[in-house]
Amino acid sequence: MRFLAVTILFLVSACTSTWQFSTFEQIRLEHIAAQLCPNNTTDQPLCGIPLALDVSEQPNAYASYFGITLTRALLRMMNDNEVAFALAHEIGHKVLHFPPPEPISREMGELQADGFAQFVTFCMGFDPFAGITNLEKLINHIPPEGVKAKTFLSYRIGVMKNFDSSEVDCNE
Ligand SMILES: [Zn+2]
């Protein structure tokens, strides 16, 4: 039933390009999206990318050919900087991996999207290390048997800690 509800929301959103978020969620996301994409001239707040809501209780965000989907659980759990990281990470997937330029591993794709997100969030005035606390919160939601997933999230956190803003040229 939940799958059906999500599917319907997804299809309605895809057809009408309207938000399926609560008013509070919409205002909050529009505010974050406006900072991530200040020169946006489209009717979609996030640089022309449609956003959709997944009512799942699992904190998650994902990119598809359609756009970017966030779960309500993720929005509840993350602060604005962490939501900005999640959005920028998924924009990274759309920019870098749709369509895939060449076969890369899922792991490499995640690291590329993290790097993209740290660059974009830093340059747009967000905390570039919010991806670390974002992933730490996700780790706490992985069941004990998810050792491999936890290990990879910990690895991504370690890589993001090496971000050096003094090496970033936001005009590039
Ligand atoms: Zn990803």
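As a starting point, this report considers the structure included with it.

About the cut-offs
- Residues numbered from 1 in each chain as written.
- Predicted model: local features only at pLDDT ≥ 70, side-chain atom pairs only at ≥ 80, totals over all residues.
- Pairing = 2+ DSSP bridges.
- Helix = DSSP H or I, 4+ residues; strand = E, 2+ residues; numbered from the N terminus.
- Axes fitted to C-alpha atoms, helices over the stretch in contact; angles between N-to-C directions.
- Core = buried A, V, L, I, M, F, W, Y, C linked by C-beta atoms within 7 Å.
- Buried ≥ 20, exposed ≤ 12 C-beta atoms within 10 Å, placed from the backbone.
- Contact = placed C-beta atoms within 7 Å.
- Left-handed = near helix turned anticlockwise from the far one by under 90°.

**A word on the sheet that holds strand S2 (residues 61-63)**
Part 1 of the reasoning: The three strands lie next to each other as S1-S3-S2, forming an open sheet whose pairing is mixed. A single partner strand is all that each edge strand has here, and the edge strands are strand S1 (51-54) and S2. Neighbour-to-neighbour, the strand axes of this sheet turn through a mean angle of 20°, independent of strand direction.
Part 2 of the reasoning: Pairing between S1 and strand S3 (residues 68-71): four bridges, direction parallel. Across the sheet, residue aspartate 54 finds its bridge partner in S3, namely threonine 71.

**Quick word on the nonpolar core**
Part 1 of the reasoning: Within the largest apolar cluster, 29 residues are counted, with the highest numbers of intra-cluster contacts made by Leu36, Ala84 and Leu87.
Part 2 of the reasoning: Those elements that place two or more of their residues in this core are helix H2 (23-36), S1, S2, S3, helix H3 (72-77), helix H4 (80-97) and helix H5 (106-123).
Part 3 of the reasoning: In terms of residue count, the dominant contributor to this core is H4 (seven residues).
Part 4 of the reasoning: If near-sequence neighbours (up to four positions away) are discounted, leucine 87 is found in contact with Ile32, Ala33, Leu36, Leu46 and Ile68.

**Overview of helix H6 (residues 130-139)**
Part 1 of the reasoning: Those residues of H6 that fall on the buried side of the exposure criterion are Ala130, Gly131, Ile132, Asn134, Leu135 and Leu138.
Part 2 of the reasoning: Looking at the packing, one finds that the buried side of H6 touches H4, H5 and helix H7 (147-160).

**Re the packing of H5 against H7**
A packed helix pair is summarised by two numbers, namely the angle formed by the two axes and the spacing between the axes.
Part 1 of the reasoning: Viewed as axis vectors pointing N to C, H5 and H7 meet at an angle of 35°, and their least axial separation amounts to 11 Å. Two packed elements cross with a definite hand, and for H5 against H7 that hand is right-handed. For the pair H5 and H7, the contacting residues are Glu107, Glu110, Leu111, Asp114 and Gln118 in the first and Phe152, Arg156, Val159 and Met160 in the second.

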